[in-house]
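Spelled out from the first residue to the last, the chains are:
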Amino acid sequence: MRLGRSRLDRLERHVLNESRSLAPILRQVITLGVDARSTALRTWALHELQGYEGTDVPVPDYRKIPAPLVMDGHTGRFQFREQPVSMFDLPDFARDSLGDELRLGVGVGQIESLIARHPGQTVQLGPALAAELAVIMSQNSPRQVLRVYWSVHVSALEGVLDQVRTRLLQLVGELRAAMPHDQQDPTPDQVAQALQNINIVTGDNSSVTVTAPVAVAHQRGSARAEIGRTAHPTFPQAAVVWAVLVALVAAVAAVAAVLWGTWL
């Protein structure tokens, strides 16, 4: 038997309690990583807490959610909602970074908050610079795009949290297997080996896609805007800015030409 309730014992008990928030559990993991001098463990837990936005760390595979990229807008007097966005609807610079796969980069606390506020519903998660993207998609077209977003059911968000909890349980199990029965806390070598066995810090080599909640849509389709935290762009920001500026300059030039012709 163990000599007392260790930090690993408490961590295991909290991970197995599925009603307990993941945020305080991940803070325990950070403490465990500090004591075990494991930079990898601390880094993974911190990114799960704070999110992967604005970092050089790629979003892990378990945070990639298949979700349709859709748009709202109108064509003349006819409105459309949740119309699928095809590759040909997107400008060239956005086609490689946007599609029917959402890379969820926000922290677990924000994910848990979305689930708690909208149980059993669908949320709209928009890419950074979504408003600018809608403007560009509306240029030289009778169709006016008002909003571009991923339509995601909260069950997919719950699946991401379940993956995080499963990895925490795997971590505990690997450490249990490596530690003698009379050992209280894991050594740095044992923690390093456990991380290798469960591949806890592995992502892919692609660029990080950033998302932020922009609206919440209920099951009947009505939506209300919710401003998310500032995110970093998912596609080249400079290209978007230049495209918007070019459109504005062209519009101003057209108005000036009309006014000049009237004056003459």
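For the structure, see preceding data.
Right, let's walk through the structure included here. Keep in mind that this is a model prediction, so the values were computed, not measured. Position labels on residues start from 1 in each chain and follow its written sequence. Whole-chain, interface and lining totals are the exception, using all residues; otherwise, since this is a predicted model, local features are given only for residues with pLDDT of at least 70 and side-chain atom pairs are given and counted only at 80 or more. Here the side-chain values reflect all heavy atoms present in the structure, with hydrogen atoms and water set aside.

Let's shift gears to helix H7 (residues 188-198). Each residue is placed in one exposure class: buried if its accessible area under a 1.4 Å probe, protein chains only, is under 20% of its type's maximum, exposed if it is over 50%, and partly exposed if it falls in between. Put simply, DSSP H or I for four residues or longer makes a helix, DSSP E for two residues or longer makes a strand, and each gets a number counted from the N terminus. Burial in H7 covers these residues: Gln190, Val191, Ala194, Leu195 and Ile198. Taken down its axis, H7 places every buried residue within 135° of arc, on the same side. Relative to its buried face, H7 has exposed residues pointing more than 90 degrees away, namely Asp189 and Gln196. Contact criterion: two residues are considered in contact whenever any of their non-hydrogen atoms come within 4.5 Å of each other. Buried residues along H7 sit in contact with helix H3 (39-50) and helix H6 (154-178). Within this analysis, the arc is defined by the directions that extend from the helix axis to the C-beta atoms.

Where helices are involved, their axes are fitted lines through C-alpha atoms of the stretch in contact, as for all axes, and angles between N-to-C directions lie from 0 to 180°. At a minimum axis separation of 10 Å, helix H1 (residues 7-16) and H6 run at an interaxial angle of 150°. Helix-helix and strand crossings are classified by hand; for H1 and H6 the assignment is left-handed. In contact with Leu8, Asp9, Leu11, Glu12, His14, Val15 and Leu16 of H1, H6 contributes Arg165, Leu168, Leu169, Val172, Leu175 and Arg176. Looking at the contact of H1 with H6, its residues break down into eight nonpolar, one polar and four charged. Each crossing is labelled by how the near helix is turned from the far one, with a counterclockwise turn of less than a right angle marking it left-handed and a clockwise turn marking it right-handed. Under the grouping applied here, Gly and all other residues not named as nonpolar or charged are polar, the nonpolar ones being Ala, Val, Leu, Ile, Met, Phe, Trp, Tyr, Cys and Pro and the charged ones Asp, Glu, Lys and Arg.

Right, let's get into the environment of Gly76. Here Gly76 is to be found in the loop between strand S2 (69-75) and strand S3 (78-84). With relative accessibility at 56%, the residue Gly76 sits in the exposed group. Sequence-wise, Gly76 and Arg143 are 67 residues apart; in three dimensions their C-alpha atoms are separated by 7.3 Å.

Let's shift gears to the pairing of strand S5 (residues 122-127). A large share of S5 lies buried, amounting to six of its six residues. Neither face of S5 is left uncovered, since the one carrying Thr122, Gln124 and Gly126 and the one carrying Val123, Leu125 and Pro127 both have all their residues buried. When DSSP locates at least two bridges between a pair of strands, those strands are taken to pair. Where S5 and strand S6 (residues 143-153) come together, four bridges link them in antiparallel fashion. By the bridge assignment, Gln124 is partnered in S6 with Ser151.

Where helix H2 (residues 22-35) contacts H3, the axes come no closer than 8 Å and their chain directions differ by 160°. By the angle between their axes, H2 is roughly antiparallel relative to H3. Judged by the twist between their axes, the crossing of H2 over H3 is left-handed. On H3, the residues that touch Ala23, Leu26, Arg27, Val29, Ile30, Leu32, Gly33 and Val34 of H2 are Leu41, Arg42, Trp44, Ala45, Leu46, Glu48 and Leu49. Among the residues making up the contact of H2 with H3, the classes are represented as 11 nonpolar, one polar and three charged. Each angle receives one of four descriptions, namely roughly parallel if under 35 degrees, roughly antiparallel if over 145, roughly perpendicular if within 65 to 115, and oblique otherwise.

This part covers the pairing of S3. Regular strands have side chains that alternate between both faces of the sheet. The pairing of S2 with S3 spans five bridges and is classified as antiparallel. Bridging across to S3, Gly73 finds its partner in Phe80. Hairpin remark: S2 followed by S3, antiparallel, with two residues in the connecting loop; positive phi at Gly76, about 65°.

The rule for a salt bridge is simple: a side-chain nitrogen of Lys or Arg has to be within 4 Å of a carboxyl oxygen of Asp or Glu. Under the defined criterion, the tally for this structure stands at nine salt bridges. With its nearest N and O atoms 2.6 Å apart, the salt bridge here joins Arg176 to Asp9. Residue Arg176 is located in helix H6, and its partner Asp9 is located in helix H1; the two are separated by 167 residues in the primary sequence. Residue Asp9 is classed as buried on the basis of its relative accessible area, which comes to 11%. With a closest N to O distance of 2.7 Å, Glu12 and Arg176 form a salt bridge. Here Glu12, found in helix H1, pairs with Arg176, found in helix H6; they are 164 residues apart in sequence, far enough to count as distant. Salt bridges here are not isolated pairs; linked through shared partners, they connect Asp9, Glu12 and Arg176.

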